[in-house]
Amino acid sequence: DAGVIQSPRHEVTEMGQEVTLRCKPISGHDYLFWYRQTMMRGLELLIYFNNNVPIDDSGMPEDRFSAKMPNASFSTLKIQPSEPRDSAVYFCASSLANEQYFGPGTRLTVT
Amino acid sequence: DQQVKQNSPSLSVQEGRISILNCDYTNSMFDYFLWYKKYPAEGPTFLISISSIKDKNEDGRFTVFLNKSAKHLSLHIVPSQPGDSAVYFCAASGLLQGAQKLVFGQGTRLTINP
């Protein structure tokens, strides 16, 4: 298995632009998670899905952030409009049991 | 409110010696604990876990100890190798949080010196 796949690996955008991050979970996993890692806050959970249904989005910082999972093999995290404080590494992870498997992350820089 | 705390941001150990990474938690409803290892520019990778019904779990050079009364867990690596240099995160989950939802500590950067 290729593991969790994220794209793009790096994204540089200007403030106010829309950013879309993509994730393909491991086949057969029924949970999908989006995390953000920053120096100040560490690794924080933004939202997670079970069987494509959002279960807990309490970590989503504000309405500028949205996430979708249209099918079992694809999810997106969208930021619109983006702000410099959104600069971070965004990880997607998937799981079948307690152990989560992480993708390589997307490093987002908003200037 | 940080429910999972790793109070040592960094740790330096000599190759061949034992590395001990510590983690404290505040929520008594946590019942499953995990350690992840992270190299630069990569995602965290699962290392070892322990359920609250156990107090020790071993996997090769890695052993996790759980002290429920102290709400403390530790990861022992012996012997330490240069490839163990990474950031280590402890994480916890519990049924009330949503069994699949992990709460992570801030991480400890381990450096193994030759």
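All values reported here derive from a predicted model rather than from experimental measurement. (Residues numbered from 1 in each chain as written. Chains lettered and ligands numbered in written order. Predicted model: local features only at pLDDT ≥ 70, side-chain atom pairs only at ≥ 80, totals over all residues. Heavy atoms only, no water.)

Asker: Can you lay out the packing of aromatic side chains for me, pointing to particular residues and giving the numbers?
Answerer: One pair of aromatic rings is described through two measures. These are the centre distance and the angle between the planes. Enumeration according to the criterion identifies 14 aromatic pairs over all chains in this entry. Ring plane angle 20° and centroid distance 5.3 Å describe the contact between F33(A) and Y48(A), whose orientation is recorded as stacked. With F33(A) in strand β4 (residues 31–38) and Y48(A) in strand β5 (residues 42–50), this residue pair connects regions lying 15 residues apart in the sequence. On the numbers, 5.6 Å between centres and 80° between planes, the contact of F102(A) with Y36(B) is edge-to-face. Of the two residues, F102(A) is situated in strand β10 (residues 100–102) and Y36(B) in strand β4 (residues 32–38); the pairing between them involves two chains. Its relative accessible area of 11% is what places F102(A) among the buried residues. (Phe/Tyr/Trp six-rings, centres within 6.5 Å; stacked < 30°, edge-to-face > 60°. Helix = DSSP H or I, 4+ residues; strand = E, 2+ residues; numbered from the N terminus. Buried < 20%, exposed > 50% of the residue type's maximum accessible area, 1.4 Å probe, protein only.)

Asker: Which residues make up the interface of chain A and chain B, and what values go with them?
Answerer: Counting from both sides, the interface comprises 23 residues of chain A and, opposite them, 20 residues of chain B. Together chain A and chain B conceal approximately 1,600 Å² of surface at their shared face, both sides included; 53% is due to carbon and sulfur atoms. Summed over the three residues of chain A that lose the most area to chain B, namely L43(A), N98(A) and E99(A), the buried surface amounts to 32% of that side. Across the contact surface, chain A and chain B share 1 salt bridge. With its nearest N and O atoms 2.6 Å apart, the salt bridge here joins K101(B) to D56(A). When grouped by side-chain class, the residues that make up the side of chain A that touches chain B number 12 nonpolar, 7 polar and 4 charged. (Contact = heavy atoms within 4.5 Å. Buried area = accessible area lost by both parts, 1.4 Å probe. Salt bridge = Lys/Arg side-chain N within 4 Å of Asp/Glu carboxyl O. Nonpolar A, V, L, I, M, F, W, Y, C, P; charged D, E, K, R; others polar.)

Asker: Describe in detail the sheet that holds strand β7 (residues 65–71) of chain A, supporting the description with residues and values.
Answerer: All names here are of chain A. Ordered by their spatial adjacency, 4 strands build an open sheet running β1-β3-β8-β7, and the pairing between neighbours is antiparallel. Looking at strand neighbours, the two that pair on one side only are β1 (5–7) and β7, the edges of this open sheet. Taking the axes of each pair of neighbouring strands and ignoring which way they run, one obtains an average angle of 15° across the sheet. As paired strands, β1 and strand β3 (residues 19–24) are joined by 3 bridges and run antiparallel to one another. When the sheet's bridge partners are listed, S7 is paired in β3 with R22. (Pairing = 2+ DSSP bridges. Axes fitted to C-alpha atoms, helices over the stretch in contact; angles between N-to-C directions.)

Asker: If you had to explain unusual backbone geometry to someone new, which residues and values would you point to?
Answerer: Trans peptide bonds make up most of the peptide bonds, and negative phi angles are found at most residues other than glycine. Along the chain, Q80(A) connects to P81(A) via a cis peptide bond; the corresponding omega equals -5°. Residue position: P81(A) is located in the loop between β8 (74–79) and β9 (88–95). Put simply, V78(B) and P79(B) share a cis peptide bond, and its omega is -10°. Here P79(B) is to be found in the loop between β8 (72–77) and β9 (86–93). One non-glycine residue, N51(A), lies in positive phi territory at about 50°. Following the sequence through the fold, N51(A) ends up in the loop between β5 and β6 (53–56).

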